[in-house]
Every structure is written in structure tokens, then in C-alpha cells.
Amino acid sequence: MSLATIIKPLLVNYTIIFSLAINMNLILPFKVRKSPALNIRTFYGLSFGFTALLCMLNPIESLGETNFDLRMVLILVSTLYFGWSVGAITTTAVTIGRYFIGGKFFLVGIVINLTAFIIALIFRKSFMKWEKKYQLSIFIFIPYFLITTLILKISIDGLPIVFYLIYNSIFLFTFMALVYLIEKLTEVNKQIDEAAYFERLQTVGHMAAAFAHELRNPLTTVRGFIQHLSEGSNHKKLPEFSPIILEELDRTNRIITDYLSLAKPGKTKDEVFSIQQTIFETIQLLHPVANFQGVSILFDNHSTDKVLGDKHYFKQCLINILNNAIEAIEEKGEITIQTYRDEHKKTINISVIDNGIGMTADQIEKIGLPYYTTKTKGTGIGSMVVNKIIRDMDGTVRYYSEKGQWTKVVITLPLYQKIENN
Ligand code: ADP
Ligand code: MG
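The residue numbering used here restarts from 1 in each chain and proceeds along that chain's sequence as written. The order in which chains are written sets their letters, starting at A; the order in which ligands are written sets their numbers, starting at 1. Given that the model is predicted, a residue must reach a pLDDT of at least 70 before its local features are reported, and side-chain atom pairs must reach 80 or more before they are shown or counted; all residues, however, enter totals for whole chains, interfaces and linings. For the side-chain quantities, the full set of heavy atoms in the structure was used; hydrogens and water were omitted.

A. Layout of the UniProt feature "transmembrane region" (unreviewed entry) in the protein chain. UniProt positions are given in the numbering used here, feature names are shortened, and annotations may be inferred rather than shown by experiment. According to UniProt, the feature "transmembrane region" (unreviewed entry) maps to residues 12-30, 42-60, 72-99, 105-124, 136-156 and 162-182 in the numbering used here. To qualify as a helix, a DSSP run of H or I must reach at least 4 residues; to qualify as a strand, a run of E must reach at least 2; elements of each kind are numbered from the N terminus. Split by type, residues 12-30 is 84% helix and 0% strand. Its first and last C-alpha atoms lie 24 Å apart.

As C-alpha cells, then:
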């Protein structure tokens, strides 16, 4: 056996082992599991068994009737990492495969398989505790090497010493490399999990902080007014202050609603409702506020285009967009709502146009980002909620604007289509 003749089968074996390990990790990421579930063990067992069979089909070298391949590496690794049951499946697969290869050294093959399995079982506990597992694999390899060499020496004679050295070096290298690979993959998986967890934790933290902050402002104002009213004969000023107090309380309410609709995880009703009808209802709702700010809302479309979604949430979404439009108009102004039905695409566009302060391209890009606001009393969640609601309805939201001139918000939603049974 020369190095040149084994390069090709060696490369084939490495491709089999390492690509299967990486694919296994893709399907069921390697993790440090105390007691993996049955389906996980079955998956790893079958995968390792299959990999071992493929290795046996591509032996590195066959001397007489003995095949030398890397199947024992897989028995060692599967048992060390996943325990006796996964190791047993791999060992069984190898044994069955070996049976079909046949030959007079069948029994020797079985004994060597079992040796690998038992050695791995003995070392499993310390292996799992060990920090740098590929280092420990050298110590696991030594007894395996000694015992199997002894078995081979006794049962098959005439195997050259050089052959042992080359084969076992390859074996040790593969063993360490596979352990190292699984170790690295496990580490990466852990980092990914942790990153996702911290991300979520951070989002919750951000939300809680922003929420508390937003609520504190109006509550402090209300508290101040009530304290003022309760002093001396100030209570007579109640009619004067009550609009401000009520407005602040309404603001509190709005903030809570916004946060709740953000936090609620996708549990929305599925109902068919008319877009135009909902727009009319929302305008009615906002009429007093708009009037007070000198803003008129124009909408005159009496068709009924039906969409599927949660009407309550959709109203909330319109309210958020209209509130932004009202707030963008500094003195007197107009908001125009238009709907356009696209027969071809089976969608409906709802545009809300205001002639308020507008936005720069830079601002448009930032809209909908969590807590992005340019207002002193803003929260920056209104448009985030809009995005979430429309996305839940399979629609899109786009913003167009000219700084100092106008802003146009376009919602596109899929039209409701009756499913006909015929
Ligand atoms: P908030 O209204 O609390 O600031 P939003 O998420 O509703 O938060 O809006 C984010 C930002 O987007 C606003 O602060 C504003 O700068 C900008 N914006 C949204 N709608 C309009 C609009 N119609 N005209 C101008 N700017 C807008
Ligand atoms: Mg807003």
C-alpha cells in the first residue's frame, strides 16, 4: 500500500463522512443534550449507520479478504457523542453490512466493531465532561489501537507493519477531525441560540422601558393637574383643565392599545369586511380630533371592496396612519383617502395623502423602525403597528413624500376572493 493509491479512496471517505456530518447538523443541529429524545437518537443512529455503510462500500484498502475503511470511526464517534442506543444502531448497521461482504474474516470484523463500541461506552462519561474533546480522542484511540492490532495480529497473519502505521494514522486523524468538526458545529449552534435569546430579551427590555417611559409622561401631567385642582379653591378651574386631563388620559389609552396590538402574537380574527365601510367608520371616529386641528378628511367612494382580516386591527392601522397625517399638518389642511381596485392583480390600494410637513428620503427609510420618531411626544410605534397588521393581512405599506409638501401612504391588500365549489 502506497500513499498514492489510497489518496483517492481517502478523499471519497472524507467527502462521505464530513458532508454527512454537516448535513446531519443542518437537519438536526448538534447540541449538548443531556438525554436526547427517541426521534433525535433514531435520526442520528440511522444517519451514522448509513454513513458507515457508505464508507464500507468504499474501502480505503482491501488486503486479501479484509477491508480497511473508516466505519469504526463512526461507531466511536456516534457512541461517544450520543450514547449507547445511537452507537448500537451504527454498530448493527455495520454488522449487517459486514455480513453481506462475507468472507472468512467476518467474525474478526464483528469483534473489532464491538471493541470500538465498548471502548466508546467506557469513555463516554469522561468524554462528555471533557472541554477539548479532540484531545481526549487520542487517549481513547490508544486502547482501541492496541486491542484491534492484537486481534488482527492473532487472526490474520502477514499484514505488513507499514500498513498498520499508515492505516492507524489515517484513522486517528479522521477520528480527531470528526470530533473537532462536531465540536465546532455544536459551539456555533450554541452561539446562534444565545444570540436569538439575547435579541428577544433585548427587544422585551426595550419595549418595557419605552412603554414605562411613554406612560409616565401623561400620568405625571394628570397628577400635576389633579394636585393643582385639589389646592384651595382651584377645583373651580376643573372645566378649564378637564379637556387637557382627558386628552392626556386618551393618550395613555392609545399608547396601551398600540403596545398591546404589537405584543399580541398573530392571534387575529379572520373575517371578510368592506374596506370603504371601515374607512368611513374610522373617519367618523377621528372626526372630532381632526376638526379640532383644522383638518378635513376627504373620502368619497361608496363601492365595497372586500378583504380578509381582522377589521378591528385594520381600523387601528388606519387610525395610526390618520393620526400621523393629522399631526403632520401644522395649521389647516386636508387629508384625502382614495381606494383603487386592481382587477388584474386582484388587490386593492388604499392611499392616505396629507399636505403636511412631509419627510425626507432619509426619514422615509426609517419609518417603521422600532421607536423611530421625530416628535417630542411621539412613541415611534404607530407605524410599527401598521406594518405588523398589514403584513398579517399579506399586504404591503409604502410611503412617498415631498419634504414640506405632502405625504402619501399606500396600503396594498389582496382582495377577498370567494372560493367557488363547482
Ligand atoms: P409617532 O407618531 O409616535 O412619532 P409613528 O411610528 O407613528 O410614531 O411615526 C414615526 C415617524 O414617521 C413620525 O415621528 C414622523 O416623523 C414620520 N411620519 C409618519 N407619518 C407621517 C406623515 N404623514 N407626514 C410626515 N411624517 C410622518
Ligand atoms: Mg404616530
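B. A look at the domain arrangement of the protein chain. All domain edges in this entry derive from an automatic or database-based domain assignment. As far as domains go, the protein chain holds domain 1 (3-196) and domain 2 (271-414). Look at where the C-alpha atoms of domain 1 and domain 2 centre, and you get two points 62 Å apart.

C. Layout of the packing of helix α9 (residues 275-292) against helix α10 (residues 311-328). Interaxial distance between α9 and α10 falls to 10 Å at its minimum, and their mutual angle equals 45°. In terms of orientation, α9 and α10 fall into the oblique class. In this structure, the crossing between α9 and α10 has a hand that is right-handed. Residues I275, T278, I279, E281, T282, L285, L286 and A290 of α9 touch α10, and the partners they reach there are K311, F314, K315, L318, I319, L322, N323 and I326. All residues other than Ala, Val, Leu, Ile, Met, Phe, Trp, Tyr, Cys, Pro, Asp, Glu, Lys and Arg, Gly among them, are scored as polar; the first ten of these are nonpolar and the last four charged. Looking at the contact of α9 with α10 residue by residue, the classes come out as 10 nonpolar, three polar and three charged. Fitted lines through C-alpha atoms serve as axes, helices being fitted only where they are in contact, and the angles separating the N-to-C directions of these axes extend from 0 to 180 degrees. Orientation labels follow simple angle bins: below 35 degrees gives roughly parallel, above 145 gives roughly antiparallel, 65 to 115 gives roughly perpendicular, and whatever is left gives oblique. Helix crossings get a hand from a simple test, with the near helix turned counterclockwise from the far one by less than a right angle marking a left-handed crossing and a clockwise turn marking a right-handed one. The criterion used for residue contact is that any of the two residues' heavy atoms lie within 4.5 Å.

D. A nonpolar patch on the surface, seen in detail. Here, patches come from residues exposed beyond 30% relative accessible area and free of salt bridges, joined within 9 Å for like charges and within 5 Å for nonpolar side chains (Val, Leu, Ile, Met, Phe, Trp, Tyr). Each accessible area is a Shrake-Rupley estimate made with a 1.4 Å probe; only the visible protein chains count as cover when residues are assessed. Any Lys or Arg side-chain nitrogen found within 4 Å of a carboxyl oxygen on Asp or Glu counts as a salt bridge. A cluster of nonpolar side chains, I138, F139, I142, L146 and I147, forms an exposed patch at the surface whose accessible area comes to about 450 Å². Mapped onto the elements, F139 comes out in helix α6 (residues 133-155). Note on exposure labels: buried denotes an accessible area under 20% of the residue type's maximum, exposed denotes more than 50%, and partly exposed covers the range between, all computed with a 1.4 Å probe on protein chains only. When its relative accessible area of 53% is taken as the criterion, F139 is described as exposed.

E. Main features of the site of ligand 1. Taken together, the neighbourhood of ligand 1 is formed by 19 residues, with T373, T374, K375, T379 and S383 sitting nearest. Two N or O atoms count as a polar contact when they lie within 3.5 Å, although within protein this holds only if one can serve as hydrogen donor and the other as acceptor, and sequence-adjacent residues are included solely when both atoms are side-chain atoms. A distance of 2.5 Å is found between an oxygen atom of ligand 1 and a side-chain nitrogen or oxygen belonging to T374. One of the side-chain N or O atoms of S383 is found 2.5 Å from an oxygen atom in ligand 1. In isolation ligand 1 exposes 530 Å². Once the protein is present, 95% of that is buried. Here a residue is near a molecule or strand as soon as one of its heavy atoms is found within 4 Å of it.

F. Representation of the pairing of strand β5 (residues 306-309) in the model. Burial of β5 is one-sided: the residues V307 and G309 facing one way are buried, the residues K306 and L308 facing the other way are not. Here the rule is simple: two strands pair whenever DSSP picks up at least two bridges between them. In terms of strand pairing, strand β3 (residues 271-274) meets β5 through four bridges, oriented antiparallel. Residue pairing for β5: V272 is matched across the bridge by L308.

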